[in-house]
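Fold and geometry: a report
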Amino acid sequence: MKAHLQVIVESHRFSTGDLIGGDAALDFINTITGRDQSPRDWLDSYTRLLEWAALAHLLPEKILRALARKAQSEPAAAASALARAKELRETLFALVTGIISGSAPKGTLALLSKHWIAGINAHELRFDDGHVIAEIRNDAADFDLIASMVAYRMVQHVLPLPKDRLRVCDGPNCSWLFIDSSKAGRRRWCDMAVCGNAAKSRRFHARLRQRRK
Ligand SMILES: [Zn+2]
């Protein structure tokens, strides 16, 4: 994010249209939109973070319900956990955009590592139909579990991807991150209908002008 831009915390009802990153870890980073122009932070409370986590299927419902109950009785602790999650979010934005531009800031790994290890510790291994699966422990309902799971997914699913598949949306006032899983590998926008349309209509009008010459 450009350092001089003031972030406005905005109340937002998350919908599936906000989940375009291709992985929940990137969708979490995208809970700030418009980092390039007028940044709006959509996480206005720990409850909102839980709403987002439910929509993103980040954690089993049972654990989300336990966290919601805990947040009711310990609001101050929940608020501190939200602040820690946001710190991780901005660190991950710097890391991913750094990887994309070829200059990843080295200092970002310590915080990611801390949350990633907590994410591993929140899992247990068990047999399921002859396979071994990693599952979130039932007693892992800690306020920081959302940040831990975001870090876990980041390390497991996002960072191993080829770096040319990690993208920042080209649209104005967006800066959302996404995985380009298109065949040709040329996806430029988070969503064609939102950020692609402006560019498309600009191209359309340019073609019209060409034809009229
Ligand atoms: Zn966009």
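What this report covers is the structure whose coordinates are included nearby. What you see is a predicted model; the values in this text were computed from it and never measured.

What counts and what doesn't
- Residues numbered from 1 in each chain as written.
- Predicted model: local features only at pLDDT ≥ 70, side-chain atom pairs only at ≥ 80, totals over all residues.
- Heavy atoms only, no water.
- Helix = DSSP H or I, 4+ residues; strand = E, 2+ residues; numbered from the N terminus.
- Buried < 20%, exposed > 50% of the residue type's maximum accessible area, 1.4 Å probe, protein only.
- Contact = heavy atoms within 4.5 Å.
- Areas by Shrake-Rupley, 256 points an atom, 1.4 Å probe, with all protein chains shown as cover.
- Lys, Arg positive; Asp, Glu negative; His and termini not counted.
- Charge placed at Lys NZ, Arg CZ, Asp CG, Glu CD.
- Pairing = 2+ DSSP bridges.
- Phe/Tyr/Trp six-rings, centres within 6.5 Å; stacked < 30°, edge-to-face > 60°.
- Lys NZ or Arg CZ within 6 Å of the ring centre and 35° of its normal.
- Core = buried A, V, L, I, M, F, W, Y, C linked by side-chain atoms within 4.5 Å.

So, on to the overall build of the protein chain. When helices and strands are counted, the protein chain shows 7 helices and 7 strands. The order of α-helices and β-strands along the protein chain, N terminus first, is β-α-β-β-α-α-α-α-β-β-α-β-β-α. Expressed as lengths along the three principal axes of its C-alpha atoms, the size of the protein chain is roughly 70 × 40 × 35 Å. Each of the 213 residues in the protein chain was classed as buried or not, and the buried ones make up 42%. For the protein chain, restricting intrachain contacts to residue pairs at least 6 apart in sequence, the fraction spanning at least 24 positions comes to 62%. Of the accessible surface of the protein chain, which amounts to about 11700 Å², a share of 54% is contributed by carbon and sulfur atoms. Within the protein chain, one finds 32 positive and 23 negative side-chain charges whose respective centroids are separated by 12 Å.

Taken together, the 3 strands give an open sheet; going across it, the order is β1-β3-β2, and neighbouring strands pair in mixed fashion. Looking at the sheet topology across the chains shown, the edges are occupied by β1 (8-9) and β2 (32-33). The pairing of β1 with strand β3 (residues 40-41) spans 2 bridges and is classified as parallel. Residue pairing in the sheet places I8 in a bridge with R40 of β3.

One pass over the structure, following the stated rule, counts 4 aromatic pairs. Relative to W42, the ring of F14 has its centre 6.0 Å away and its plane inclined at 75°; by these criteria the two rings are edge-to-face. Taken together, the residues span a long stretch of sequence, with F14 in the loop between β1 and α1 (24-29) and W42 in the loop between β3 and α2 (46-55) at a distance of 28 residues. For the pair F14 and W42, a shared accessibility class is recorded, and that class is buried. Ring centres 6.0 Å apart and planes at 85° place the aromatic pair W42 and W176 in the edge-to-face group. One end of the pair, W42, is in the loop between β3 and α2; the other, W176, is in the loop between β6 (166-168) and β7 (177-179), and 134 residues separate them in sequence. Of the two residues, W42 and W176, both sit in the buried class. In this structure an aromatic cluster arises from ring pairing among F14, W42 and W176. Over the ring of F93 we find R35, and its NZ or CZ is 4.2 Å from the ring centre. Looking at R187, its charged tip hangs above the ring of F178, at a distance of 4.1 Å from the centre.

Time to look at the nonpolar core. Formed by 56 residues in total, the largest nonpolar core has its most connected members in Y46, W52, L58, L59, I146 and M154. Among the secondary structure elements, those contributing two or more residues to this core are α1, α2, α3 (61-73), α4 (75-101), α5 (109-121), α6 (145-158) and β7. Once you skip the residues sitting within four places of it in the chain, I146 turns out to touch Y46, L49, L50, W52, A53, L58 and L59.

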